[in-house]
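Each chain, letter by letter, is given below.
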Amino acid sequence: NQTEVREFILMGLTNLWQLQCTLFAIFLMMYLASLLGNAAIVLVAIVEPKLHTPMYFFLGNLSCLDIFFSTVTVPKMLAGFLMPVQTISFAGCMAQLHFFHFLGSSEAILLGVMAFDRYVAICNPLRYTIIMRRQVCQILAAATWFAGFFHALMHAVATARLPFCGPNHIEHFLCDIKPLLKLACGSTHLNLMLLNTVASSVAMGPFIATLLSYFYIIIFLLFKVQSRSGRQKAFSTCGSHLMVVGLMYVPVLFNYMLPSVENASQREMMVTLIYSAVTPVLNPLIYTLRNQEVKTAVLKIF
């Protein structure tokens, strides 16, 4: 009986190791594809003169954010597949929390800025070069990064001041706010208030701005644009952005707007995995496969 139990345990450990190696290979390929795809878009947006427009300037910023965003979480997760126990220091945990929310919130805000850019380009084409001139684009991009940085810094400071005197096992593959609040043994009222108000505003504000922008774009195309080719071109340009918006906003709103329950850890991990590891891979594919200008520039360079 002891021999059978030992063999059963060894078989289970072998199957678990094979599963971890398979997941390691899958997410490693996804991570490398994310780095190569987004780096290619950044390079093309810089090198190709035809792409020196506000749309591709913001797209380059989005690709930079995707590179850093996936790098904050995926390498540490990959290391966890190869080690029996994954550990992280308190300082490393707070740093990961800060950069995760810094880059994630910056990307959410940037998508709202990109929606405004599409609104101006389609609904006010004659004033587009005046409204979205180079200095304005640079200010909007800088404001996006700074807003995300200070938003994340607020959460990191509020979380770091909490006393953690109980178990130190985080039910997540990264240091996020909700799993850490479960481990705190002090009052988390301030943290929950910040999460429910400020974080929700950072996510919902750009999302509502995006919906309003596309509402006006659709109204404009239906009633002001008579040519079918003009409508198709505008919808094709906006389609890529809308797909990226859906991939980013839906999981984030699902994760942070819904109230936490006792068995929500698995759900939150799966949702976080979508927008931290999967979405950065899909973004460059969406913009290159649906955009003839980007495909032509990539072929020209490579």
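This structure is a prediction, so every number in the text was calculated from the model and none was measured. (Residues numbered from 1 in each chain as written. Predicted model: local features only at pLDDT ≥ 70, side-chain atom pairs only at ≥ 80, totals over all residues. Heavy atoms only, no water.)

### A few points about the overall build of the protein
Stage number 1. Counting secondary structure elements, the protein contains ten helices and zero strands.
Stage number 2. Listing each helix as α and each strand as β along the protein from the N terminus yields α-α-α-α-α-α-α-α-α-α.
Stage number 3. Over its C-alpha atoms, taken along the principal directions, the protein stretches across nearly 80 × 45 × 30 Å.
Stage number 4. Counting contacts in the protein only where the partners sit at least 6 residues apart, residues at least 24 apart contribute 78% of the total. (Helix = DSSP H or I, 4+ residues; strand = E, 2+ residues; numbered from the N terminus. Contact = heavy atoms within 4.5 Å.)

### Some thoughts on the UniProt feature "transmembrane region" (unreviewed entry) in the protein
Stage number 1. Within the UniProt annotation, "transmembrane region" (unreviewed entry) is assigned to residues 21-47, 53-74, 139-158, 202-223, 235-257 and 269-289.
Stage number 2. Helix makes up 100% of residues 21-47 and strand makes up 0%, while its end C-alpha atoms are separated by 38 Å.
Stage number 3. Between the first and last C-alpha atoms of residues 139-158 the distance is 28 Å; the span itself is 100% helix and 0% strand. (UniProt positions renumbered as here; feature names shortened; annotations may be inferred.)

### Notes on the packing of aromatic side chains
Stage number 1. Summed over all chains, the structure comprises 14 aromatic pairs.
Stage number 2. Seen in terms of ring centroids, Phe-102 and Phe-149 are 5.5 Å apart; in terms of plane orientation they differ by 90 degrees. Their pairing is edge-to-face. With a gap of 47 residues between them, Phe-102 in helix H3 (residues 90-123) and Phe-149 in helix H5 (residues 134-160) connect regions that are remote in the sequence.
Stage number 3. Overall, the relative accessible area of 10% leaves Phe-102 in the buried class.
Stage number 4. Aromatic rings pair up to connect Phe-99, Phe-102, Trp-145, Phe-149 and Phe-150 into one cluster. (Phe/Tyr/Trp six-rings, centres within 6.5 Å; stacked < 30°, edge-to-face > 60°. Buried < 20%, exposed > 50% of the residue type's maximum accessible area, 1.4 Å probe, protein only.)

### Considering the packing of helix H2 (residues 54-82) against H3
Stage number 1. Closest axis-to-axis distance for the H2/H3 pair is 9 Å, and the angle between their directions is 160 degrees. By the angle between their axes, H2 is roughly antiparallel relative to H3. Seen from above, H2 lies across H3 with left-handed handedness.
Stage number 2. Of the residues contributing to the contact of H2 with H3, the split by class is 16 nonpolar, five polar and five charged. (Axes fitted to C-alpha atoms, helices over the stretch in contact; angles between N-to-C directions. Parallel < 35°, antiparallel > 145°, perpendicular 65-115°, else oblique. Left-handed = near helix turned anticlockwise from the far one by under 90°. Nonpolar A, V, L, I, M, F, W, Y, C, P; charged D, E, K, R; others polar.)

### Details of the nonpolar core
Stage number 1. With 48 residues, the main nonpolar core has Leu-62 and Leu-111 as its most contacted residues.
Stage number 2. Secondary-structure elements contributing two or more residues to this core are helix H1 (2-47), H2, H3, H5, helix H8 (228-256), helix H9 (265-289) and helix H10 (292-301).
Stage number 3. No other element matches H2, which puts twelve residues into this core. (Core = buried A, V, L, I, M, F, W, Y, C linked by side-chain atoms within 4.5 Å.)

### A few points about the packing of H3 against helix H7 (residues 189-223)
Stage number 1. Their axes nearest at 9 Å, the elements H3 and H7 cross at an angle of 15 degrees. Relative to H7, H3 is oriented roughly parallel. With respect to the hand of their crossing, H3 and H7 are arranged in left-handed fashion. Between H3 and H7, the residues in contact are Ser-105, Ala-108, Ile-109, Leu-111, Gly-112, Ala-115, Phe-116, Arg-118, Tyr-119, Ile-122 and Cys-123 and Val-202, Pro-206, Thr-210, Ser-213, Tyr-214, Tyr-216, Ile-217, Phe-220 and Leu-221, respectively.
Stage number 2. Residues that form the contact of H3 with H7 fall into these classes: 15 nonpolar, four polar and one charged.

### Things to note about the pattern of salt bridges
Pairing of side chains with opposite charge becomes possible as their charged atoms draw close.
Stage number 1. The tally for this structure, following the rule as stated, stands at one salt bridge.
Stage number 2. The shortest N-O distance in the salt bridge between Asp-117 and Arg-118 comes to 3.0 Å. (Salt bridge = Lys/Arg side-chain N within 4 Å of Asp/Glu carboxyl O.)

### Comments concerning the side chain of Asn-191
Stage number 1. Take Asn-191: it is sitting in helix H7.
Stage number 2. At a separation of 3.0 Å, a polar atom in the side chain of Asn-191 contacts the main-chain carbonyl oxygen of Ala-158. (Polar contact = N/O pair within 3.5 Å; in protein donor to acceptor, adjacent residues only side chain to side chain.)

### Focus: the confidence of the model for the protein
Stage number 1. Mean pLDDT over the protein works out to 84, with 90% of the residues at or above the 70 mark.
Stage number 2. Put simply, H8 is where the protein has its lowest mean pLDDT, 75, and H5 is where it has its highest, 93. (pLDDT = per-residue confidence, 0-100.)

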